[in-house]
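In case you want the letters, here they are:
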Amino acid sequence: MKVNLGTLTIASPAFEHGERIPDHHTMAGESASPALSWSGVPEGTVSFALLAHDPDAPMVGGFTHWILWDIPADVTSLEENDQRFTSAVNAMGTPGWFPPAPPPGHGDHFYYFHLFALSGTPELDPGVDADTFLAAIEDLVIEQARLVGVYSSG
């Protein structure tokens, strides 16, 4: 998979890169998925995909919070709680966003929001997991960008 951090950028109005994710987007608040926007779309982009992952979770491989794909190339943002696009299952086995909820006293967790510009649209069933998703997009990735948020529970 290409990891070309070129012109594509991703941001959120809810938090800055490397800063704390507000409680509103976590289990301690309203559990709302954060709004996201991106720019610098590389030439040849047919669609986008998104993976939100916490590698610090105390489980093998971390915890996948969100997988979206089939986002058309002319879309450059997601609204809070956006449900317009195909969603795979998170690490809890449910579709859509699963909010941060690290174990109390476990320290800071880093949440990586990976945006992938793809040269096609993967043919996937909505029930796929993160490994299947990543394998399916591997040869389609033109460029990726990431936004990192930090969160810890009490």
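Since the model is a prediction, treat every value here as computed from it, not as a measurement.

Calculation criteria
- Residues numbered from 1 in each chain as written.
- Predicted model: local features only at pLDDT ≥ 70, side-chain atom pairs only at ≥ 80, totals over all residues.
- Heavy atoms only, no water.
- Salt bridge = Lys/Arg side-chain N within 4 Å of Asp/Glu carboxyl O.
- Buried < 20%, exposed > 50% of the residue type's maximum accessible area, 1.4 Å probe, protein only.
- Helix = DSSP H or I, 4+ residues; strand = E, 2+ residues; numbered from the N terminus.
- Pairing = 2+ DSSP bridges.
- Phe/Tyr/Trp six-rings, centres within 6.5 Å; stacked < 30°, edge-to-face > 60°.

Undergrad: Could you clarify how one ought to interpret the pattern of salt bridges in this entry?
TA: Any two side chains of opposite charge can pair, on the condition that their charged atoms come close. Going through the model one piece at a time under the given rule, you end up with two salt bridges. D23 is the partner of R20 in a salt bridge, and the nearest nitrogen-oxygen pair spans 3.2 Å. Look at D23 and you get partly exposed, because its relative accessible area is 33%.

Undergrad: Got a minute to help me understand unusual backbone geometry in this structure?
TA: If a residue is not glycine, its phi is most likely negative; likewise, a peptide bond is most likely trans. Even without being a glycine, S31 presents a positive backbone phi close to 65°. With respect to the element layout, S31 can be found in the loop between β1 (9-11) and β2 (36-39). Judged by relative accessible area, which is 23%, S31 ranks as partly exposed. For N81, which is not glycine, the phi dihedral falls at a positive 60°. Among the structural elements, N81 can be located in the loop between β5 (77-78) and β6 (86-87).

Undergrad: So what exactly am I meant to see when it comes to the pairing of strand β4 (residues 63-72) here?
TA: Each regular strand displays side chains that alternate between the two surfaces of the sheet. With respect to burial, β4 is a largely interior element, eight of its 10 residues being buried. Judged from the seven bridges that link them, strand β3 (residues 47-54) and β4 form a sheet pairing that is antiparallel. Looking across to β4, one finds that H53 is bridged to T64. Both β4 and β6 contribute to a ladder of two bridges, which runs antiparallel. Within the sheet, the bridge partner assigned to W69 lies in β6 and is T86.

Undergrad: How do you make sense of the packing of aromatic side chains when you look at a structure like this?
TA: Within a pair of aromatic rings, the relevant descriptors are the distance that separates the centres and the angle that separates the planes. Throughout the structure, instances matching the rule amount to seven aromatic pairs. A centroid spacing of 6.0 Å and a plane angle of 20° characterise the contact between W97 and F113, whose relative ring orientation is stacked. Residue W97 is located in the loop between β6 and β7 (109-118), and its partner F113 is located in strand β7; the two are separated by 16 residues in the primary sequence. Across this residue pair, the class does not change: W97 and F113 are buried. Measuring from ring centre to ring centre gives 6.5 Å for F116 and F133, while their planes differ by 65°; the resulting arrangement is edge-to-face. On the criterion of sequence distance, the pair formed by F116 in strand β7 and F133 in helix α1 (residues 130-137) is long-range, its members being 17 residues apart. For the pair shown, F116 and F133 are each scored as buried.

Undergrad: Any chance you could explain the pairing of β3 here in plain terms?
TA: Taking burial as the measure, the eight residues of β3 include eight buried ones, the bulk of the element. Residues S47, A49, L51 and H53 line one face of β3 and the alternating positions F48, L50, A52 and D54 line the opposite face, and both faces are buried. The sheet contact formed by β3 and β7 spans seven bridges and is antiparallel. Bridge pairing in β7 places F48 opposite A117.

Any functional reading would require information beyond the geometric quantities listed.
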